[in-house]
Amino acid sequence: MPQDLFDAALPPEAAHQQLAPGAVLLHGFARDMDAALLQAIEAVITQAPLRHMQTPGGYTMSVATTNCGSLGWVSDSHGYRYAVLDPQNGTPWPAMPACFLDLAGRAAAKAGYDHFAPESCLINTYLPGAKLSLHQDKDEKDLSAPIVSVSLGLPAVFLFGTPNRKDRAQRYRLVHGDVVVWGGPSRLAFHGVMPLADGAHALLGRRRINLTFRSPLDKLAQS
Ligand code: MD3
Ligand code: FE
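What counts and what doesn't
- Residues numbered from 1 in each chain as written.
- Chains lettered and ligands numbered in written order.
- Predicted model: local features only at pLDDT ≥ 70, side-chain atom pairs only at ≥ 80, totals over all residues.
- Heavy atoms only, no water.
- Buried < 20%, exposed > 50% of the residue type's maximum accessible area, 1.4 Å probe, protein only.
- Helix = DSSP H or I, 4+ residues; strand = E, 2+ residues; numbered from the N terminus.
- Pairing = 2+ DSSP bridges.
- 1 Å grid on protein atoms, 1.4 Å probe; cavity = no way out; pocket = protein on both sides within 12 Å on 5 of 7 lines; lining within 4 Å.
- Points joined across faces, edges and corners; volume = space filled by probe spheres on them.
- Nonpolar A, V, L, I, M, F, W, Y, C, P; charged D, E, K, R; others polar.
- Axes fitted to C-alpha atoms, helices over the stretch in contact; angles between N-to-C directions.
- Near = heavy atom within 4 Å.
- Polar contact = N/O pair within 3.5 Å; in protein donor to acceptor, adjacent residues only side chain to side chain.
- Areas by Shrake-Rupley, 256 points an atom, 1.4 Å probe, with all protein chains shown as cover.
- Sits in = over half its atoms within 2 Å of the grid points.

Caption draft 1: Spotlight on the pairing of strand E3 (residues 64-69). Of all six residues in E3, six are buried, a share of seventy percent or more. Burial along E3 is two-sided: Ala64, Thr66 and Cys68 facing one way and Thr65, Asn67 and Gly69 facing the other are all buried. As defined by bridge partners, E3 adjoins strand E6 (residues 120-126) across six bridges and the pair is classed as antiparallel. The residue bridging Thr65 from the neighbouring strand is Asn124, located in E6.

Caption draft 2: A look at the layout of surface pockets. Put simply, the largest pocket is a space of about 830 Å³. Together, 37 residues line the largest pocket, and Met61, Leu132, Ser133, His135 and Asp137 are the ones closest to its centre. Those elements that provide at least two residues to the lining of the largest pocket are E6, strand E7 (132-135), strand E8 (147-153), strand E9 (156-160), strand E12 (191-193) and strand E13 (208-214). Considered class by class, the residues forming the lining of the largest pocket number 17 nonpolar, twelve polar and eight charged.

Caption draft 3: Region of interest: the sheet that holds E8. Strand order in this open sheet of seven strands is E1-E2-E11-E8-E13-E6-E3, and the pairing throughout is antiparallel. Each edge of the open sheet carries a strand with a single partner, namely strand E1 (16-20) and E3. Direction aside, the axes of adjacent strands within the sheet are offset by 20 degrees on average. Note: E6 against E13, seven bridges, orientation antiparallel. Counterpart to Asn124 in the pairing with E13 is Asn210.

Caption draft 4: The site of ligand 1, seen in detail. In the vicinity of ligand 1 lie 20 residues, with Asn124, Tyr126, His191, Arg208 and Arg214 positioned nearest. His191 places a polar side-chain atom, nitrogen or oxygen, 2.9 Å from an oxygen atom of ligand 1. Contact distances for ligand 1 include 2.8 Å between an oxygen atom and a side-chain N or O atom of Arg214. In isolation ligand 1 offers 510 Å² of accessible surface; the protein chains occlude 97% of this area. Structurally, ligand 1 is housed in the largest pocket. Counting only elements with at least two residues in the shell around ligand 1, the list comes to E6, E7, E8, E9, E12 and E13. No other element matches E13, which puts four residues into the shell around ligand 1. Per-class residue counts for the shell around ligand 1 are nine nonpolar, seven polar and four charged.

Shown next, in the form of structure tokens:
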């Protein structure tokens, strides 16, 4: 279904919800392309299997992760970083599928960020009970670029605070097809995901998949 028809089916304030300055929730923005996204995700996972990464603090993440694009986010006992090769097999991450780039660019533009062309997509898979503790995304050199996140499958309770860890986090329910664009004053906000509740989603089954599009490179240093 074309996006303008979808917009017409919802009151305008429901289609785009500002969560905080620079953070916009686009309700259902990816819903009509869910089957294409899932097919592309499965193809990436075949080449670069999901794995539970180690944190620098010695924990194993409950979320299973892989990447596509020219850079992938990795975590191990040495720290967090972006890498051009998948450390598990020493080969480049799978290319970013065209439907991923298209979705991320359109979502960013809708939220006011033109020309967003992410080099990296992190694929996080949550089974019931998996969670993501409160953290900041600050491994990227270019903090002027937004982050676009796409939620698929089971609903999740998302925690969204401020750049100050002590500030109380707000809770938002993110459902299948929701897209959030985080930038500007929200780019360094603390955020996390509550333990996933059990359930069954019609297309994805007993899991949630989150795509996180990032532009980790320093655009000024490249030019
Ligand atoms: C808010 N993933 O991988 S994406 C992560 O649902 C991560 O898997 C979550 O946080 C997930 O780092 C949430 C949404 C997100 C990403 C980056 C943000 C929210 C953000 C940066 C600043 C503020
Ligand atoms: Fe994050």
